[in-house]
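Structure assessment
So you can see what is in the structure, the chains are spelled out below.
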Amino acid sequence: DQWHAILVACVGMLVYILPSLCFFMPFRWEEERYTDGVKWKFLEHKGPVFAPPCDPLPSNVKFYYDGKHMKLSSSAEEVATFFAKMLDHEYTTKEVFRKNFYKDWRKEMMSEEKSKITDLNKCDFSEMSEYFKAQSEARKAMTKEDKQKIKEENERILQEYGFCIMDNHKERIANFRIEPPGLFRGRGDHPKMGMLKRRIRPEDIIVNCSKDSKHPKPPPGTKWKEVRHDNKVTWLVSWTENIQGSIKYIMLNPSSRIKGEKDWQKYETARRLKKCVEQIRAQYRDDWKSKEMRIRQRAVALYFIDKLALRAGNEKEEGETADTVGCCSLRVEHLTLHQEMDGQEYVVEFDFLGKDSIRYYNKVPVEKRVFKNLQLFMEDKEPEDDLFDRLNTSILNKHLQELMDGLTAKVFRTYNASITLQQQLNEITNSEDNVPAKILSYNRANRAVAILCNHQRAPPKTFEKSMQNLQTKIDAKKEQLADAKRELKMSKYLLEGEIEEQLMKLEVQATDREENKQIALGTSKLNYLDPRISIAWCKKFGIPIEKIYNKTQREKFAWAIDMAEKDFQF
DNA sequence: TGTCTGACTTAGCAGCATGTGG
DNA sequence: CCACATGCTGCTAAGTCAGACA
């Protein structure tokens with residue numbers, strides 16, 4: 001009996017201790033994975049944090065209609081404040097924005113307000129706008145102690161709502177705060193800009209957790225829309241958004257097991273493509289000659305996806321979103337064919353808006369067969385007609401699936417991005433270089449990928465100034481070096497060497513920044529480049545990983561940091 | 001075969017925290 | 001120690017793609 005009791009105690013202890021041990025298991029991505037679509041066995045969380053309620057404006061902050069003061073009902077006032085807060089943005093002057101805003105604002109008005117307010121142009125939001133500006137100034141001017149208090153409160157909320165338990169692991173939640181209400185501003189020329197994005201209430205929320213967990217409680221006096229226990233999905237909370245009617249989710253942070261494993265899998269698929277890409281290329285080149293038009297279109301589209309890293313290009317509902325395209329949805333008007341251009345034959349000029357309404361502009365010499373096919377596809381078509389009228393992403397991906405298990409259009413982007421980084425690093429890293437110069441090489445390799453993937457950014461507002469500042473520093477350093485050379489001999493070499501190194505560092509920094517003016521490196525680093533390539537490169541050349549990845553990125557790529565040896569090749 | 005929906009990844013940017021250099 | 005520039009982080013829009021359904 002005594003032994004039995006001890007045994008029971010030991011088993012109890014184990015059950016208690018094991019989960020916490022798992023927290024510290026370094027290779028948790030190597031734990032057993034579920035099959036048949038099960039994503040977890042246990043999921044417990046505290047639910048979302050709702051947007052803070054809207055405070056009524058103080059009575060001295062007035063709204064004027066047609067020059068006359070008008071007291072707004074609380075619902076009309078809230079929506080008016082959304083507009084007032086955006087007054088400094090150029091888009092509040094856009095016709096579409098104003099029209100959509102006005103229409104949705106009227107829905108929130110009382111009937112008297114509706115009859116009084118008939119013209120948005122007669123609305124004066126300037127006092128509200130000034131009030132919010134003053135508020136944000138006041139926030140900036142807060143005492144250290146007050147700022148500290150806010151910080152502590154945020155930390156408390158993070159600790160309470162920012163984590164969940166998924167299968168014995170405490171995991172960080174990515175977006176546990178519900179999006180606050182406001183005016184929708186899509187990207188680019190969005191037909192719905194200015195529409196009211198409504199406030200999300202507990203009654204809109206679907207909670208997902210395991211049956212045997214402690215279910216999150218809705219705020220007092222409210223109910224969830226639904227509590228479900230679906231372990232075939234990874235989300236914790238969802239709701240339907242009112243602009244596009246799409247579903248939004250609360251999910252885990254990229255550092256979580258579930259995201260990390262998926263990320264790893266993505267790169268493993270891309271590496272499998274590496275093994276058969278030449279064969280696939282041979283096949284699509286052959287298909288350019290097919291007697292079937294749909295095969296030729298598929299083959300030319302795939303060539304673009306492979307060569308230019310274009311996105312697949314799903315169809316979009318007209319009038320619901322900005323007019324953007326990807327490969328399969330290219331229209332005749334997006335290409336110009338040049339038999340000859342700048343001394344090159346068969347040049348295709350691309351000019352279209354892609355994801356996020358980022359412009360893709362490129363002049364590409366292509367194979368004669370591709371060129372001839374394009375002429376054929378464009379024959380007798382209007383500019384607004386589809387280039388590939390016998391093709392869509394579904395057809396293309398079904399074809400790709402037959403060529404390789406798990407192959408889809410986007411795998412080519414991942415593959416080409418990662419292989420480019422690997423090749424560039426192999427090619428341009430000089431082992432004789434010092435650390436800053438090696439990092440310049442790394443950034444250049446990263447840049448080659450960003451250019452391939454068309455990851456652009458608006459030049460930073462302070463770009464010119466910051467370049468100037470840097471140049472001033474460089475000039476000062478040169479001066480200093482000249483001085484040092486004239487100085488007494490004693491410490492000369494030591495000092496000179498040090499200054500030269502500093503100068504070199506500054507110059508490298510200037511080059512890097514200049515080259516990076518309109519290029520965004522972050523997206524490719526985070527989503528397209530197999531982190532094991534970078535980590536292996538760091539190990540091989542003695543570069544601290546912190547120089548390449550910041551804290552968040554190191555957390556996201558923890559799986560790769562554990563895994564990659566210095567000889568890893570993509 | 002096409003359409004719709006749901007789940008998930010990819011994207012640029014604003015605002016703020018942080019680190020740096022004078 | 002402060003001002004300022006920079007880098008990071010959060011935010012949320014906008015894609016991809018599979019599978020259900022007609």
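Residues numbered from 1 in each chain as written. Chains lettered and ligands numbered in written order. Predicted model: local features only at pLDDT ≥ 70, side-chain atom pairs only at ≥ 80, totals over all residues. Heavy atoms only, no water.

1. Concerning the sheet that holds strand S11 (residues 237–240)
Within a beta sheet, neighbouring strands are joined by backbone hydrogen bonds and run either parallel or antiparallel to one another. Taken in spatial order, the 4 strands of this open sheet run S10-S9-S11-S12, and their pairing is mixed. In this open sheet, the two edge strands, each paired with only one partner strand, are strand S10 (226–228) and strand S12 (247–250). Ignoring which end each strand starts from, the neighbouring axes of this sheet average 20 degrees apart. In this sheet, S11 lies alongside strand S9 (residues 206–208) in antiparallel orientation, the contact comprising 2 bridges. Paired with isoleucine 206 across the strands is serine 238, a residue of S11. (Pairing = 2+ DSSP bridges. Helix = DSSP H or I, 4+ residues; strand = E, 2+ residues; numbered from the N terminus. Axes fitted to C-alpha atoms, helices over the stretch in contact; angles between N-to-C directions.)

2. Thoughts on the nonpolar core
Within the largest apolar cluster, 75 residues are counted, with the highest numbers of intra-cluster contacts made by Leu273, Phe304, Leu330, Phe350 and Phe388. Residues from two domains meet in this core; each of domain 3 (262–407) and domain 4 (415–563) gives at least three. Other than its neighbours up to four places away in sequence, phenylalanine 304 contacts Ala309, Leu310, Cys327, Leu330, Phe350, Val370, Leu374 and Phe388. With 28 residues, the next largest nonpolar core counts Phe63, Met86, Tyr91 and Met193 among its residues. (Core = buried A, V, L, I, M, F, W, Y, C linked by side-chain atoms within 4.5 Å. Buried < 20%, exposed > 50% of the residue type's maximum accessible area, 1.4 Å probe, protein only. Domains from an automatic or database assignment. Contact = heavy atoms within 4.5 Å.)

3. Here's the deal with the environment of serine 74
Relative to the elements of secondary structure, serine 74 occurs in helix H2 (residues 74–85). Owing to a relative accessible area of 63%, serine 74 belongs among the exposed residues under this scheme. The sequence separation of serine 74 and proline 56 amounts to 18 residues, and the corresponding C-alpha distance is 6.9 Å.

4. As for the domain arrangement of chain A
The domains assigned to chain A are domain 1 (43–52 + 147–257), domain 2 (63–145), domain 3 (262–407) and domain 4 (415–563). Domain 3 and domain 4 are separated by 34 Å when their C-alpha centres are compared. The partner domain 4 presents 18 residues to the 18 residues of domain 3 that form the contact. Summing the contributions of domain 3 and of domain 4, the shared interface buries around 1400 Å²; its carbon and sulfur component is 54%. Of all residues in domain 3, Asp263, Trp264 and Tyr267 bury the most surface against domain 4, accounting for 35% of the area lost on that side. Applying the counting criterion to the domain 3 and domain 4 interface returns 1 salt bridge. Of all the secondary structure elements, the ones that give two or more residues to the side of domain 3 that touches domain 4 are helix H7 (257–287), helix H8 (293–308) and strand S15 (359–365). The dominant element in the side of domain 3 that touches domain 4, judged by the number of residues it contributes, is H7, at 11 residues. A per-class count over the side of domain 3 that touches domain 4 returns 9 nonpolar, no polar and 9 charged. (Buried area = accessible area lost by both parts, 1.4 Å probe. Salt bridge = Lys/Arg side-chain N within 4 Å of Asp/Glu carboxyl O. Nonpolar A, V, L, I, M, F, W, Y, C, P; charged D, E, K, R; others polar.)

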